[in-house]
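Listed below, chain by chain, are the residues.
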Amino acid sequence: MSRYDAVVIGAGHNGLINAAYLSRGGLRVAVVERNDRVGGATRSEEVFPGFHFSVFSYLVSLLRPEVIHDLELVRHGLDLVPLESTLNPLGGGDELYREADPMRTFWNVARHSRRDAEALLEYKTEMTALGRLAHRLQDLVAADVTSTALDGADEAASADVAATLADIARYYAGTPEHQLSLLYEMFTSSADHFLRRWFETDALRAALATSSIIGSWTSPRTPGSAYVLLHHYIGEVDGVYRGWGFQRGGTGEVAEILARAARAHGAEILLEASVEKVAVKRSESGSTVTGVVLSDGREIEAPVVVSSLAPQLTFSRFLSEGDAPAEVFTAASQWNSRGSSGKVNLALDELPSFACRPEPGAHLAGGFSIAPSVDYVESAYDEAKFGSYSRTPFVDGIIPSVIDPQMAPTGKHVLSCFVQYADYELKNGDWDQSREAFGDAVMKVLIEHIPNLEHCVVGKQVLTPLDIERIAGIPGGNIFHGELRLSQIFANRPAPWASDYATPIAGYYVCGSSCHPGGGISGGPGRLAALRILGEKAGSFVGAVS
Amino acid sequence: MQDGSSGSQDREIQPAALLHPIQPFMPDHSKITLDPQAPEGTRSVQRTMGLLNAFRYGESWLPLKEIAARVGLPKPTAHRILNALASTRLIEGSADGRYRLGSAATELGFRASIARLESPPRPTPFTASTVARSNSFDYRAWNGAVGATSYDATFEREYFAVRGGAGVLDVSPLFLYEFVGPEAEQAVQRILTRDVRRCAVNQVMYSAWCDDDGYLLQDGNLIRLAPDRFRLSTAEPSLRWFSDCSFGLDVVVHDIGDHVAKLAVQGPLSRSLLQRVLDPGSASADAVAELGYFRGCAAEFEGRPLYVTRTGFTGDLGYELWMELDCVESGVESGVESGCGSGEANHAPAASLWEALLNSDLGPAVMPMGLEALDAVRIEAGLILIDIDYFSSSHALLEKRHSTPDQAGLGWAAKMVAGNDFVGRAKMSQERKRGVTSQFVGLEIDWPELERAYAPHGLRPQTVGRPPSREPMPIRAAGHDASGPQIGQVTSSFFSPRLKKQLCLATVPSEHAKIGSTVQVGMRVEMQRSLLSATVVKLPFYEPPQKKAKFRLGSGGEA
Ligand SMILES: Cc1cc2nc3c(=O)[nH]c(=O)nc-3n(C[C@H](O)[C@H](O)[C@H](O)COP(=O)(O)OP(=O)(O)OC[C@H]3O[C@@H](n4cnc5c(N)ncnc54)[C@H](O)[C@@H]3O)c2cc1C
């Protein structure tokens with residue numbers, strides 16, 4: 001049996017960041033990972049000989065600059081190239097093209113509506129301001145504002161919550177009223193409704209609203225979807241609230257870089273080490289964690305165990321009845337992580353040629369998105385929501401090999417398509433039977449806008465929510481480890497009694513995307529949980545870290 | 001469209017520009033009415049002009065049907081004339097039967113617009129080529145010619161291309177001198193601070209040179225082509241100085257700048273790119289593939305000789321290509337030394353080299369690169385720039401504007417060995433004895449410090465995504481507030497998206513120049529001068545392994 005100061009479950013980016021910070025804080029840390037490589041939902045793989053894919057997540061923008069700085073990720077190889085533009089083919093040769101230069105974009109949008117072109121400039125400013133407001137919440141430990149503060153029984157905890165609230169209040173003091181009201185609207189409204197405030201062009205609303213549905217069981221007209229929009233505006237590359245960046249070598253490289261950083265601080269990473277149980281000692285005063293048991297029977301002892309997995313695993317699977325109050329198991333079983341997305345990765349033997357922009361050009365180094373109208377996205381949602389998948393899905397794509405030629409053999413390319421919607425729970429049949437048909441539906445939509453895909457695809461990898469569950473180990477396959485909606489964010493992520501990363505079991509912590517501030521390659525949960533654990537060791541509560 | 005492969009598609013997809021034409025700011029001359037009385041010659045010119053005018057602003061490839069309809073000609077007639085035009089490169093045809101205006105039209109248009117200028121810039125062998133690639137028409141004056149500032153509205157794509165792929169930069173406005181003769185070595189030795197006796201044939205030496213007072217005149221690269229033949233590239237005209245310095249020696253100095261096309265090909269993929277473009281299979285192709293850092297060799301492009309050096313201003317793997325041009329007028333003796341007399345150099349081979357480099361199968365990983373991106377990467381590389389980071393003593397008006405090589409961080413290039421008697425050496429030694437008072441250093445401002453500076457304004461750092469700045473910024477000693485004395489200045493600064501830090505090139509007093517010491521930089525933050533803590537770090541800020549890597553034939557070697 002081996003002993004460590006802390007064991008981190010899962011070598012996804014959050015687990016790795018958590019381990020790196022804990023090691024940096026002086027703890028002897030082991031990361032245990034079920035797969036044969038690090039990364040989880042952030043992995044790259046040579047799927048077809050010579051063709052490298054960011055298998056799941058494909059762009060980086062939410063990664064906190066603090067993490068980049070603290071863990072010296074640049075030294076370890078971080079190299080993010082900003083994605084400069086987004087092309088939305090609209091069919092019939094028409095398009096909506098947003099470029100790096102706002103004034104180029106202005107004229108592109110003005111083709112559709114001069115008014116909207118101006119509104120887009122305003123919208124960007126407004127969203128940047130809102131992102132700035134929300135950004136503060138990202139760097140706070142979400143103290144449990146629901147229970148502890150009210151009962152006052154635990155004075156120290158109440159003081160912590162009060163301090164957090166005071167910090168928030170101070171930060172928001174002086175915020176213009178219209179921004180607060182917009183923020184409120186974002187939390188409650190549908191994306192389409194929110195966007196109507198600015199835009200008359202349906203295609204533009206659709207293009208912008210796609211940020212509100214990524215990874216979620218929402219459509220542009222679902223109330224609450226505006227929040228997901230905001231979540232995407234919190235992302236930044238070097239502090240600029242706009243950019244999505246592409247890591248050279250694919251997002252798997254981000255995980256490798258984090259692993260190097262963690263190892264540099266002394267963490268050990270054990271691969272093919274799947275956790276079966278979390279060992280817990282029960283006593284009068286409550287339960288205390290003692291280590292983990294792996295599926296091959298190995299045991300690792302540690303006074304601190306940090307899980308980067310979703311509640312269904314962290315609590316329901318790893319704990320035994322009686323280890324924790326019943327409410328913990330109930331809450332975990334109610335956690336909503338039903339997947340809504342799939343991924344299609346294509347190997348191509350020539351450059352994609354868009355019907356609306358057949359010639360090669362700068363647009364190929366940007367992203368593209370197939371969502372020609374709000375109705376289109378809304379009906380894609382309708383087609384899927386009763387236990388099926390969209391026949392005409394929404395597709396968000398990039399061509400990584402244009403940005404980084406080493407992703408594919410010379411002259412050949414890889415195309416990454418994120419697809420919605422695909423219900424994890426199929427009503428008829430299962431995903432192993434439906435995978436091909438799902439892939440065909442995606443191809444049909446792609447070929448309509450990129451006709452040469454008809455003959456230049458030399459390899460196709462179709463990933464369903466079930467595959468996400470199997471490979472990345474996310475129950476239900478939800479890309480964020482759980483829906484990002486009002487009921488599941490801030491102090492409710494994953495539940496009020498674990499919102500500050502400490503669970504009801506002493507020494508057992510959470511640090512994955514199912515914690516505040518949520519999913520995406522942000523490292524926020526991993527970092528904040530580590531600071532919290534280290535702070536506790538040092539005898540201080542790190543509520544307002546920034 | 002004559003595309004047989006996609007039979008399922010009966011609807012012709014039209015480019016977006018056709019659906020929403022950009023309002024033509026020029027009258028439409030495509031519709032023609034042929035005068036039956038006019039002689040056939042006139043009518044055929046009218047038809048031809050109608051076809052050329054069918055292409056509107058912003059439009060690229062058009063299907064034959066569309067062109068014929070616009071001009072009002074039967075399809076077969078239009079087809080016949082378009083193909084005739086294609087043989088002159090005024091029109092370019094595609095494999096799938098579409099047409100666009102061709103490269104001869106670009107050149108014609110370029111010459112026509114230049115012809116209207118009151119005072120046109122001197123063309124370099126690549127000016128017309130760069131204009132054809134420019135999405136921004138953003139140029140800056142450079143030695144009487146112009147250089148692209150950036151090809152897009154922003155410089156970032158070029159920055160990332162040169163850091164991750166390859167960038168191609170026209171450096172022809174640089175000056176180039178050739179020293180030929182039995183005493184060529186003595187002449188360059190007298191001028192340069194480096195010990196050029198150690199410069200082997202096909203070696204390149206970076207050096208500084210000074211005036212009699214030991215003040216820095218310029219810095220540049222010396223190439224040794226033969227025991228008695230050197231080339232020196234310079235930022236400023238220097239023929240007089242070089243000739244004066246050669247007084248009494250058996251050497252001739254030629255100004256060959258106009259007759260050599262100079263192109264920098266830089267970035268981790270530059271070697272792959274050259275392997276594709278410089279006549280693969282030719283004897284010299286292997287030499288280029290194996291070329292060492294600061295070495296040169298002869299190479300060929302389409303059978304034409306050129307010289308390649310593994311040098312550049314980007315701090316990455318990179319090459320510079322030097323292609324000698326012929327004279328346009330026949331009868332004039334060609335060859336760089338004699339020049340073309342009053343004749344012009346023929347730019348065509350240079351232009352096709354440019355096209356070959358930018359049309360390789362590396363695709364968009366290779367981009368033309370402008371001066372803004374160059375400025376960004378040379379700051380990362382810690383490379384000093386004349387008239388930005390130091391003043392050449394030839395036009396430093398004030399005493400305090402002069403710098404010595406030691407002050408400019410080029411002390412290492414001044415070799416005080418026996419027999420290396422370069423101009424300014426005596427004064428330099430005296431200064432060294434007194435001790436160097438100020439030094440050229442790299443300063444880094446890290447991310448938390450930038451955040452701290454912007455936090456009071458409720459903003460995230462705003463220097464991100466900005467082009468490099470040449471605005472001088474005052475430096476104050478650590479621990480002083482803004483009223484403290486200014487001890488130095490930052491002369492170039494850039495937020496590096498790769499290193500995630502604000503990089504500054506600066507001059508500080510020697511006692512503050514140690515690696516790891518901290519100073520304060522007075523940066524403009526939201527219209528206020530704020531003091532940001534900066535650390536002295538070792539230059540270069542950025543040095544990828546491939547920069548100096550040794551390559552053997554067939555080894556990939558790219559980062
Ligand atoms: C298809 C897809 C596309 C996405 N696109 C983007 C995007 O473009 N940009 C973006 O920012 N985000 C994107 N995301 C979201 C983002 O990738 C995730 O939110 C994030 O990577 C999750 O990181 P994590 O460390 O919290 O968890 P994970 O990456 O899920 O890591 C958990 C790790 O735990 C391991 N594990 C599971 N069970 C066990 C066990 N029993 N024992 C030991 N180890 C175990 C897993 O193998 C895995 O390595 C996408 C996600 C998906 C699925």
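Residues numbered from 1 in each chain as written. Chains lettered and ligands numbered in written order. Predicted model: local features only at pLDDT ≥ 70, side-chain atom pairs only at ≥ 80, totals over all residues. Heavy atoms only, no water.

### As for unusual backbone geometry
Basically, it comes down to this: What counts as a helix is a DSSP run of H or I of at least four residues, what counts as a strand is a run of E of at least two, and both are numbered from the N terminus. Between buried and exposed lies partly exposed: a residue is buried under 20% and exposed over 50% of the maximum accessible area for its type, with that area taken using a 1.4 Å probe on protein chains only.
Following histidine 516 of chain A, the chain continues to proline 517 of chain A via a peptide bond in cis, the omega torsion being 0°. Within the secondary structure, proline 517 of chain A is located in the loop between β20 (508-510) and α19 (524-537). Put simply, leucine 539 of chain B and proline 540 of chain B share a cis peptide bond, and its omega is -5°. Position of proline 540 of chain B relative to the elements: it lies in the segment after β22 (528-537). Phi is positive for phenylalanine 137 of chain B, which is not a glycine, with a value near 50°. For phenylalanine 137 of chain B, a relative accessible area of 58% gives the class exposed. Not every positive phi belongs to a glycine, and asparagine 202 of chain B is a case in point at roughly 65°. Taking the relative accessible area as the measure of exposure, asparagine 202 of chain B reaches 28% and is therefore partly exposed.

### With respect to helix α9 (residues 202-209) of chain A
Across the eight residues of α9 of chain A, seven count as buried, placing the element largely inside the fold. Every buried residue of α9 of chain A is listed here: Ala203, Leu204, Arg205, Ala206, Ala207, Leu208 and Ala209 of chain A.

### Notes on the site of the ligand
Residue and element names in this part refer to chain A. So the rule is basically this: Being near a molecule or strand, for a residue, comes down to having at least one heavy atom within 4 Å of it. Each polar contact in these results corresponds to two N or O atoms within 3.5 Å; when the atoms are within protein, one needs to be able to donate a hydrogen and the other to accept it, and residues that are neighboring in sequence are counted only if both atoms are side-chain atoms. Computed by Shrake-Rupley with a 1.4 Å probe, the accessible areas treat only the displayed protein chains as cover when residues are assessed.
Neighbouring the ligand are 36 residues; Glu33, Leu59, His481, Gly520 and Ile521 lie closest to it. Contact between the ligand and valine 275: a nitrogen atom at 2.9 Å from a main-chain N or O atom of the residue. Taking isoleucine 521, its main chain carries an N or O atom lying 2.8 Å from an oxygen atom of the ligand. Protein contacts shield 98% of the accessible area of the ligand, which totals 1,000 Å² for the unbound molecule.

### Re the sheet that holds strand β11 (residues 275-283) of chain A
Residue and element names in this part refer to chain A. For clarity, the cut-off: DSSP calls a pair of strands paired once it identifies at least 2 bridges connecting them.
A sheet is described by the order of its strands in space; here four strands give the open sequence β1-β13-β12-β11, paired in mixed fashion. Of all strands in the sheet, those with a lone pairing partner are β1 (2-3) and β11, marking the two edges. The pairing of β11 with strand β12 (residues 286-294) spans eight bridges and is antiparallel. Within β12, the residue paired with valine 280 across the bridge is valine 289.

### With respect to the domain arrangement of chain B
We apply this condition: Domain limits in this description derive from either an automatic procedure or a database domain assignment.
Here the domain parsing of chain B yields domain 1 (16-101), domain 2 (127-173 + 259-327 + 343-380) and domain 3 (437-543 + 546-550 + 555-559). Centre-to-centre separation of domain 1 of chain B and domain 3 of chain B, based on C-alpha positions: 55 Å.

### Observations concerning the state of the cysteines
We count it as follows: Cysteine sulfur atoms that come within 2.5 Å of each other are treated as a disulfide pair.
Counted under the stated rule, the structure contains zero disulfides over all chains. Not part of a disulfide, cysteine 511 of chain A finds its nearest cysteine sulfur in cysteine 515 of chain A, a span of 6.6 Å.

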